[in-house]
2 protein chains.
Amino acid sequence: MKKIGLKEIAAHVGVSTALVSYVLNGQAEEKQVGKEVAEKIRKAAEQLDYRPNQLAKSLKTRRSNTIGLIVADINYRFSSGITRAVEAEAKKRNYTVIFGSSNESSEKLQELINVLINHQVDGLIVVPVENSEPSILSLQRSDIPFVLIDRHFPNVLTSNVMLDNFKAAYDSTEHLIRQGHEKIAFVNYSAQLFNLQERTRGYLAALSDHGIKHHPGWSLEVRSTHTEADMRKAIPHLTAINKCDAIFFATDRLAIAGLKEIVQLKILVPEDISVFSFDESEAFELFSCPISHARQPLEKMGKIAVSILHDLINKPKVINQTYLETELVIAKSCRE
Amino acid sequence: MKKIGLKEIAAHVGVSTALVSYVLNGQAEEKQVGKEVAEKIRKAAEQLDYRPNQLAKSLKTRRSNTIGLIVADINYRFSSGITRAVEAEAKKRNYTVIFGSSNESSEKLQELINVLINHQVDGLIVVPVENSEPSILSLQRSDIPFVLIDRHFPNVLTSNVMLDNFKAAYDSTEHLIRQGHEKIAFVNYSAQLFNLQERTRGYLAALSDHGIKHHPGWSLEVRSTHTEADMRKAIPHLTAINKCDAIFFATDRLAIAGLKEIVQLKILVPEDISVFSFDESEAFELFSCPISHARQPLEKMGKIAVSILHDLINKPKVINQTYLETELVIAKSCRE
DNA sequence: AAATTTGCTTTAAACGTTTAAAGTGATAAA
DNA sequence: TTTATCACTTTAAACGTTTAAAGCAAATTT
């Protein structure tokens with residue numbers, strides 16, 4: 001069964017490919033194609049089950065109607081949420097998504113960027129990973145439109161849609177303070193990622209603004225590579241030694257690891273200690289009490305990212321940096 | 001800054017595009033390209049930062065080196081696991097993945113298939129959804145290689161990589177029986193999906209093979225659209241009324257919903273009742289005790305799917321149906 | 001000296017589209 | 001009758017590659 005192209009339809013109807021192209025692209029009116037001819041062409045296309053070759057189309061029009069999406073790890077709840085939103089919004093705007101997962105490796109990220117560029121994506125949505133600054137810089141030099149999502153580099157000017165991590169952490173901490181907590185601990189990863197650092201900054205600012213002197217023993221960093229082991233030391237350090245009355249975890253993965261340890265030590269939430277998490281996790285669903293957390297608007301982030309990218313693709317390039325607020329989901333894990 | 005193509009390199013070096021193409025595709029030897037010329041070409045490509053246009057390449061070679069992946073919902077842990085594996089294996093074999101999520105809608109699935117075919121994917125990996133049989137049948141008629149994953153239609157002959165759902169459910173049930181449980185409940189979705197029905201069949205067969213008479217009150221179906229409400233009735237029905245000593249949930253989502261209700265009712269696991277789940281969930285991590293479950297080999301499934309597809313793309317088409325076994329992860333949620 | 005081989009390079013068509021430009025025959029205006 | 005306009009259609013080049021075939025000069029064999 002031969003592939004059906006414009007040529008086959010043209011032959012079938014007895015006209016040139018140009019006419020077929022016009023009709024099938026909705027330019028029948030504009031190009032004044034004869035009414036019956038147009039009808040015949042449409043019918044033939046239908047009947048022969050014509051499938052336009054998007055590659056040829058893209059090659060000619062220099063538009064692939066394709067955007068690349070690179071997430072840090074598709075297994076993160078954050079990533080799948082973003083992916084879903086991006087895909088939906090992209091589809092609405094008639095883009096197809098080419099997907100890649102860097103698995104937090106900057107080399108893999110660079111490779112993916114190359115592959116996607118070779119595939120002539122019209123634009124790129126990227127969640128950058130640690131040490132990927134050079135890749136982003138080189139992206140910037142090529143003239144592919146792109147927008148960063150969730151993470152960015154403070155000294156590289158890019159379009160991005162971000163959480164206001166500082167504010168989210170600030171508000172969350174403030175919430176804990178208002179609830180009457182006095183010794184609020186903060187657990188973060190020992191990573192250089194800007195948005196994680198912003199969370200630390202927000203935490204410290206809230207304490208300071210409320211006249212609470214930060215005790216160095218209250219905030220800890222654990223390694224992402226040895227989370228479990230580090231957490232095993234961290235929790236007793238914060239509870240038994242520093243007598244903290246609340247722990248604010250900088251990510252959901254940290255909260256899970258921390259809660260496991262807390263359960264292990266038979267510490268009760270919220271009776272013995274309050275717990276607050278940045279981001280939610282499916283894991284919270286079955287914890288003994290619902291966990292208060294700052295919720296990221298994934299749907300919105302994905303949607304906005306596509307929207308910004310779309311503008312970038314079509315209009316004179318203007319840097320667009322959108323900061324979104326988180327919603328605080330207050331649950332029983334924080335004692336009043 | 002003009003786009004660099006073969007032509008630009010050719011002009012820069014002072015040769016024809018043919019030579020450039022040969023060299024850059026590793027056919028320098030074969031085509032007996034002069035050594036210094038080859039070197040000059042490579043250098044120029046490097047220096048001008050040449051990016052081959054994959055679209056043009058594909059158009060000419062009739063190979064896009066692209067495969068389409070359509071999952072049912074990227075937010076499922078199952079989907080993201082498969083996606084990660086597929087992407088990794090695809091990359092190894094030099095394919096790029098174009099991604100789509102049908103969100104359990106058969107119309108969306110059909111649309112996605114069309115888009116991907118128009119993008120000239122070399123093949124397709126699909127997790128079909130309910131009522132998508134017509135789409136799969138039409139896929140079969142076109143001659144795009146494809147493999148189904150996780151789900152399939154028993155009366156449509158396709159290549160697929162599947163779990164042996166019957167065996168997995170059988171083995172799981174048998175495990176519960178061996179542990180001494182006598183009244184084993186089974187909770188499934190009221191869906192027509194073949195693999196879910198296979199799980200029910202496996203459960204029933206195990207009971208029967210061990211001389212246990214199945215009591216109709218032991219197995220229940222809840223609606224995916226009203227899981228919570230249905231589950232609220234289901235759990236008391238199984239515990240208080242039918243005095244079951246174990247509940248086997250047919251999916252992880254069901255297990256989560258069930259466990260929530262169980263916690264609500266202050267029923268203790270495993271003291272009051274044993275719980276077994278098909279598939280695991282991040283949510284189990286923070287439950288009061290680890291949940292026994294049948295684990296799906298996601299990595300393997302994704303990898304094999306790509307491997308089968310790759311064969312399908314390159315060799316005379318042979319139907320390949322691979323059934324994988326699950327691993328039983330035995331934990332404390334089942335009383336001995 | 002002519003013919004063949006060798007080593008390297010170019011030519012040109014093709015993949016399936018799009019689209020500006022040119023072509024055509026009929027009708028209307030001059 | 002000539003010319004212009006109209007309504008429709010075709011021609012052909014182009015997008016960036018690949019690749020069979022042909023070309024060509026120097027070296028080697030007859």
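Let us look at the structure shown here. Keep in mind that what you see is a predicted model, and the values were worked out from it rather than measured. (Residues numbered from 1 in each chain as written. Chains lettered and ligands numbered in written order. Predicted model: local features only at pLDDT ≥ 70, side-chain atom pairs only at ≥ 80, totals over all residues. Heavy atoms only, no water.)

**Brief notes about unusual backbone geometry**
Residues and elements named next belong to chain A.
Then comes step 1: Cis geometry is found at the peptide bond from Val-269 to Pro-270, where omega equals 5°.
Then comes step 2: One non-glycine residue, Asp-150, lies in positive phi territory at about 75°.
Then comes step 3: Although it is not a glycine, Asp-279 adopts a positive phi angle of roughly 80°.
Then comes step 4: Exposure remark for Asp-279: the relative accessible area of 13% places this residue in the buried category. (Buried < 20%, exposed > 50% of the residue type's maximum accessible area, 1.4 Å probe, protein only.)

**A word on the packing of aromatic side chains**
Residue and element names in this part refer to chain B.
Then comes step 1: One pass over the full model with this rule turns up 9 aromatic pairs over all chains.
Then comes step 2: Here Phe-186 and Phe-248 contribute two aromatic rings whose centre-to-centre distance is 5.2 Å and whose plane-to-plane angle is 75°, an arrangement assigned as edge-to-face. Of this pair, Phe-186 sits in strand β6 (residues 184-189) while Phe-248 sits in strand β8 (residues 246-249), placing them 62 residues apart in sequence. Each member of the pair, Phe-186 as well as Phe-248, carries the same accessibility label: buried.
Then comes step 3: Centroid distance Phe-248 to Phe-276: 5.3 Å. Interplanar angle 80°. Geometry classified as edge-to-face. Taken together, the residues span a long stretch of sequence, with Phe-248 in strand β8 and Phe-276 in strand β9 (residues 274-278) at a distance of 28 residues.
Then comes step 4: By relative accessible area, which is 0% here, Phe-248 ends up buried. (Phe/Tyr/Trp six-rings, centres within 6.5 Å; stacked < 30°, edge-to-face > 60°. Helix = DSSP H or I, 4+ residues; strand = E, 2+ residues; numbered from the N terminus.)

**Concerning the relation of the copies chain A and chain B**
Then comes step 1: Overlay of chain A on chain B (RMSD 0.2 Å): rotation 180°, translation along the axis 0.0 Å. Such a combination of turn and shift is consistent with a two-fold rotation axis. Proximity to the rotation axis, assessed at the C-alpha, singles out A:Ala283 in chain A; its C-alpha lies 1.7 Å from the axis.
Then comes step 2: By residue overlap, the copies meet face to face through one surface: 98% of the interface positions of chain A are interface positions in chain B. (Least-squares fit on C-alpha atoms with pLDDT ≥ 70 in both. Contact = heavy atoms within 4.5 Å.)

**A few points about the nonpolar core**
Then comes step 1: Counting residues in each nonpolar core, the largest one holds 185 residues, and the members touching the most others are A:Ile125 and B:Ile125.
Then comes step 2: In this view, B:Ile125 contacts B:Ile67, B:Gly68, B:Leu69, B:Ile70, B:Val86, B:Val147, B:Ile149, B:Ala305, B:Val306 and B:Leu309; residues no more than four positions away in its chain are not counted. (Core = buried A, V, L, I, M, F, W, Y, C linked by side-chain atoms within 4.5 Å.)

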